Amino acid sequence: MAVLKVKFTKTKRDKLAQILWILNWVSVVSGIILFSLGLFLKIEIKKRNEVMAKGDVNSVPNMLISVGVIACIINFLGGKICYDCSDTNKFSRWKLVMLPYIVCTFCFTFCILVGALMCYTMRNELEESLYLGLRDAIKFYKDTDIPGRCFLKRTVDMLQIGFQCCGNNGFRDWFEIQWVSHRYLNMASKEVLDRLKSNVDGKFLVDGVPFSCCNPSSPRPCIQYQLTNNSAHYNYDFLTEELNIWVRGCREALLEYYTVIMRSIGATALLIWLFELSVLIGVRYLQTAMKNVLLLGDLEGESDGWLLENSFVETAKYNINIIKNLGKANQISTVSGMNNPNIDVQNTNCGKTNVTTKSIPAA
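This one's a predicted model, so the numbers in the text were calculated from it and none came from an experiment.

(A) Main features of the environment of P210. Mapping P210 onto the fold places it in the loop between α7 (190-198) and α8 (250-296). In this structure P210 comes out as buried when scored by relative accessible area, which is 1%. Residues P210 and Y141, spaced 69 residues apart in sequence, show a C-alpha to C-alpha distance of 9.9 Å. Look past the residues within four positions of P210 in its chain and what remains in contact with it is Y141, D157, W174, W179 and Q224.

Here you go:
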């Protein structure tokens, strides 16, 4: 029994073909939108590539870009097919192509759904990439004279100012590394030498943060050094008073920024997937209706269209049997004790055959 069978007159078939022709062109535009969203996300990730570890964070934008390009191509072809389906004679040349086209389009729409879901599931990969990338960027913050790292100080400063954040997880991350370059340390100072000797691995560790962590909206002048020393500042208690530096970590700020972008892109991709799926259903109805018209032989009469010719269970069994038969077709019997069928074949006519010859009349 056919699934969701609908009866079509010639007028309905023509209108369906015209509507699908228009919708396929709209789908081309949706493919351009997917391509643009993927390109936008790729550029946004590229902007902050210095504070991200190498990973699979580019898999989502690459997926969206690829799907967008395929959407433009496959929907352009679909528009041409649907336009020709308004004429039964032109449909004959697409008759054998439409079913493979529908199967390919179904796989393509499934890829759109996968791309949309990936936008919601890449948060963990992005968080790990940001954690490792920011950790290394902060670690090499002081290396302004080393090629390949000289740009990291500016990158981190601009990041902290732009996103109003400080450190990786928070401002205390700066307490655990030496972020002041040796060229700016007075080695003749006893205080500097004592700190270098007292800290692990001879590092100059201080309870301070770079200037880019300062909050310009704070009414109090920025306190960026000796943050945990109450006696170093007048009327100051770092445990109770709200600090005038950014408290939120940059990993959290960047993760929130990219999450908003990916959720918006994911919602858009889901809407495009639903639209593409509805167009695919319409093309399937058009294909079956036109096919049945040719089988009936009455080009002006009514015909049935459906999604599946048989039930879901029967269709699944039929496809499974096809797959099994394809596997069996290439199998060669290797059971021990069985002879090769191509050898030791008994010939039923091994003897000489007596053939009566006609006598040739004498001249």
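Now that the structure is up, let's keep going.
(B) Local environment of the environment of Q224. Among the structural elements, Q224 can be located in the loop between α7 and α8. The spatial distance from the C-alpha of Q224 to the C-alpha of S212 is 9.5 Å, given a sequence separation of 12 residues. Those residues in contact with Q224 that lie beyond four places of it in its chain are D207, G208, V209, P210, F211 and C214.

(C) A look at the packing of aromatic side chains. Under the defined criterion, the tally for this structure stands at 10 aromatic pairs. Their ring planes at 75 degrees and their centres at 5.0 Å tell us that Y141 and W174 sit as a pair that is edge-to-face. Of the two residues, Y141 sits in the loop between α5 (123-139) and α6 (152-163) while W174 sits in the loop between α6 and α7, which places them 33 residues apart along the sequence. Measuring from ring centre to ring centre gives 5.3 Å for F163 and Y257, while their planes differ by 80 degrees; the resulting arrangement is edge-to-face. Taken together, the residues F163 in helix α6 and Y257 in helix α8 connect sequence positions 94 residues apart. You can call F163 buried: its relative accessible area is 16%. Residue class for Y257 comes out partly exposed when judged on its relative accessible area of 28%. Counting every residue linked through ring pairs, the aromatic cluster contains Y141, W174, W179 and Y225.

(D) Region of the structure containing α5. In this model, α5 (17 residues) spans 24 Å end to end at C-alpha, consistent with the 24 Å of a helix rising 1.5 Å per residue. Turning to α5, its buried residues number three or more, namely L126, S129, L130, G133, L134, A137 and I138. In an axial view of α5, the angular spread of the buried residues amounts to 145 degrees, which keeps them on one side of the axis. Away from its buried face, by an angle of more than 90 degrees, α5 presents the exposed residues N124 and E128.

(E) Expanded view of the pattern of salt bridges. One pass over the full model with this rule turns up nine salt bridges. R48 is the partner of E44 in a salt bridge, and the nearest nitrogen-oxygen pair spans 3.5 Å. Here E44 matches R48 in class, with each residue buried. Linked through salt bridges whose partners overlap, the residues forming this network are E44, K47 and R48.

(F) Representation of the UniProt feature "transmembrane region" (unreviewed entry) in the protein chain in the model. Taking the UniProt record as the reference, the feature "transmembrane region" (unreviewed entry) is found at residues 20-40, 60-78, 98-120 and 265-286. In the segment residues 60-78, helix accounts for 100% and strand for 0%; the C-alpha atoms at its two ends are 26 Å apart. Along residues 98-120, the helical share is 100% and the strand share 0%, with 34 Å between the first and last C-alpha atoms.

(G) Examining the state of the cysteines more closely. All chains considered together, the criterion is met by three disulfides. One disulfide in the model links C165 with C250; its S-S distance is 2.1 Å. Its S-S torsion of approximately 85 degrees makes the covalent link between C165 and C250 right-handed. Taken together, the positions of C165 in the loop between α6 and α7 and C250 in helix α8 put the pair 85 residues apart, joining distant regions of the chain. Note on accessibility: C165 and C250 belong to one class, buried. Put simply, C214 and C222 are joined by a disulfide, and their sulfur atoms are 1.9 Å apart.

(H) Spatial organisation of the nonpolar core. With 80 residues, the main nonpolar core has L126, W174 and V209 as its most contacted residues. Of all the elements in the fold, those that place two or more residues in this core are α1 (10-47), α2 (59-84), α4 (95-121), α5, α6, α7 and α8. Residue contributions to this core peak at 18 residues, all from α8. Shared between two domains, this core takes at least three residues from each, and those domains are domain 1 (3-139 + 252-308) and domain 2 (177-247). Other than its neighbours up to four places away in sequence, V209 contacts C166, F171, W174, F175, W179, Q224, L227 and I245.

(I) Broad picture of a nonpolar patch on the surface. On the surface, W21, I22, W25, V26, F76 and Y83 cluster together to form a nonpolar patch covering roughly 610 Å² of accessible area. Among the elements of the structure, α1 and α2 are those that each provide at least two residues to the nonpolar patch. When residues of the nonpolar patch are assigned to their parent elements, the largest contribution, four residues, is made by α1. Assignment of secondary structure puts F76 in helix α2. Accessibility expressed as a relative area gives 49% for F76, which makes it partly exposed.

(J) Local environment of the confidence of the model for the protein chain. Chain-level statistics for the protein chain give a pLDDT mean of 81 and a share of 84% at 70 or above. Ranking the elements of the protein chain by mean pLDDT puts helix α9 (residues 312-329) last, at 66, and α6 first, at 93. Between residues 332-363, whose pLDDT stays under 50, and residues either more than four places distant or in other chains, the model counts one contact.

What counts, and at which threshold
Residues numbered from 1 in each chain as written. Predicted model: local features only at pLDDT ≥ 70, side-chain atom pairs only at ≥ 80, totals over all residues. Heavy atoms only, no water. Helix = DSSP H or I, 4+ residues; strand = E, 2+ residues; numbered from the N terminus. Buried < 20%, exposed > 50% of the residue type's maximum accessible area, 1.4 Å probe, protein only. Contact = heavy atoms within 4.5 Å. Phe/Tyr/Trp six-rings, centres within 6.5 Å; stacked < 30°, edge-to-face > 60°. Expected span 1.5 Å × (residues − 1). Arc of directions from axis to C-beta. Salt bridge = Lys/Arg side-chain N within 4 Å of Asp/Glu carboxyl O. UniProt positions renumbered as here; feature names shortened; annotations may be inferred. Disulfide = S-S within 2.5 Å. Core = buried A, V, L, I, M, F, W, Y, C linked by side-chain atoms within 4.5 Å. Domains from an automatic or database assignment. Patch = residues over 30% accessible without salt bridge, like charges linked within 9 Å, V, L, I, M, F, W, Y side chains within 5 Å. Areas by Shrake-Rupley, 256 points an atom, 1.4 Å probe, with all protein chains shown as cover. pLDDT = per-residue confidence, 0-100.

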